[in-house]
Amino acid sequence: MALKFVRDDHPTATDEDVSKLKLLSGWFDQHLDKPDRFSNASNKNPANISLSWFKDSAKDHIQKVQELIKILERYDLVVERFSSKSPGYIVYEDEYQVSAIPFKADRNKVI
């Protein structure tokens, strides 16, 4: 998970928050695999976007995201949380996450 919180974009960011964001980014780098694909390129008309979702069993990951959200919201960055039992056409899956192309009927809701 690549977190990019540029200090120049948020000059009021405290050293503590920047440090915490770096720690969170490192935690995700160690505890979350990077999907090896984000599309269904083998299809005749491949979709150009997929979204990554945490599985509800990824408790530690979700808790770390909550920490991240608290920091980002302090700087007026809007974070929306979506949940779904049917995220779309799954193109990648591991123990903690899925990457899925949203069903056509749902795309306007999540993109």
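Residues numbered from 1 in each chain as written. Predicted model: local features only at pLDDT ≥ 70, side-chain atom pairs only at ≥ 80, totals over all residues. Heavy atoms only, no water.

1. With respect to the packing of helix α1 (residues 15-31) against helix α2 (residues 59-74)
- Close contact between α1 and α2 brings their axes to 11 Å; oriented N to C, the two are set at 155°. Compared by their axis directions, α1 and α2 come out roughly antiparallel. Crossing angle aside, the handedness with which α1 passes α2 is left-handed. Of the residues in α2, those touching α1 at Asp17, Lys20, Leu21, Leu24, Trp27, Phe28 and His31 are Asp60, His61, Lys64, Val65, Glu67, Leu68, Ile71, Leu72 and Arg74.
- For the contact of α1 with α2, the residue count by class is eight nonpolar, two polar and six charged. (Axes fitted to C-alpha atoms, helices over the stretch in contact; angles between N-to-C directions. Helix = DSSP H or I, 4+ residues; strand = E, 2+ residues; numbered from the N terminus. Parallel < 35°, antiparallel > 145°, perpendicular 65-115°, else oblique. Left-handed = near helix turned anticlockwise from the far one by under 90°. Contact = heavy atoms within 4.5 Å. Nonpolar A, V, L, I, M, F, W, Y, C, P; charged D, E, K, R; others polar.)

2. Description of the nonpolar core
- One finds Ala13, Val18, Leu21, Leu24, Leu68, Ile71, Leu72 and Tyr75 forming the largest nonpolar core, which totals eight residues.
- Secondary structure elements with two or more residues in this core: α1 and α2.
- By size, the runner-up hydrophobic cluster in this structure holds five residues, among which are Phe28, Leu32, Val65 and Ile69. (Core = buried A, V, L, I, M, F, W, Y, C linked by side-chain atoms within 4.5 Å. Buried < 20%, exposed > 50% of the residue type's maximum accessible area, 1.4 Å probe, protein only.)

3. Considering the packing of aromatic side chains
- As enumerated under the stated definition, the model contains three aromatic pairs in all.
- Judged by centre distance (4.8 Å) and plane angle (80°), the rings of Tyr89 and Phe103 are edge-to-face. Here Tyr89, found in strand β2 (residues 89-93), pairs with Phe103, found in the loop between β3 (97-101) and α3 (107-110); they are 14 residues apart in sequence, far enough to count as distant.
- Three or more aromatic residues link up through ring pairs in this structure, and these residues are Trp27, Phe28 and Phe54. (Phe/Tyr/Trp six-rings, centres within 6.5 Å; stacked < 30°, edge-to-face > 60°.)

4. Observations concerning the layout of surface pockets
- In this structure, the largest pocket encloses a volume near 1,200 Å³.
- Taken together, 30 residues make up the lining of the largest pocket; nearest its centre are Ser52, Trp53, Phe54, Arg81 and Phe82.
- Listing elements by their share of the lining of the largest pocket, those giving two or more residues are β1 (51-54), α2 and β3.
- Per-element accounting of the lining of the largest pocket gives the leading share, six residues, to α2.
- Residues belonging to the lining of the largest pocket are distributed by class as follows: 18 nonpolar, five polar and seven charged. (1 Å grid on protein atoms, 1.4 Å probe; cavity = no way out; pocket = protein on both sides within 12 Å on 5 of 7 lines; lining within 4 Å. Points joined across faces, edges and corners; volume = space filled by probe spheres on them.)

5. Considering the pattern of salt bridges
- Applying the stated criterion across every chain, the model contains five salt bridges.
- Of the charged contacts, one joins Lys55 and Glu93 as a salt bridge, the two residues approaching to 2.9 Å between their closest N and O atoms. Here Lys55, found in the loop between β1 and α2, pairs with Glu93, found in strand β2; they are 38 residues apart in sequence, far enough to count as distant.
- Between Glu67 and Lys64 there is a salt bridge, and its shortest N-O distance comes to 4.0 Å. (Salt bridge = Lys/Arg side-chain N within 4 Å of Asp/Glu carboxyl O.)

6. Notes on α1
- With 17 residues, α1 extends 24 Å between its outermost C-alpha atoms, agreeing within 8% with the 24 Å of an ideal straight helix rising 1.5 Å per residue.
- For α1, every residue scored as buried is listed here: Asp17, Val18, Leu21, Leu24, Ser25, Trp27 and Phe28.
- For α1, the secondary structure elements touched by its buried residues are β1 and α2. (Expected span 1.5 Å × (residues − 1).)

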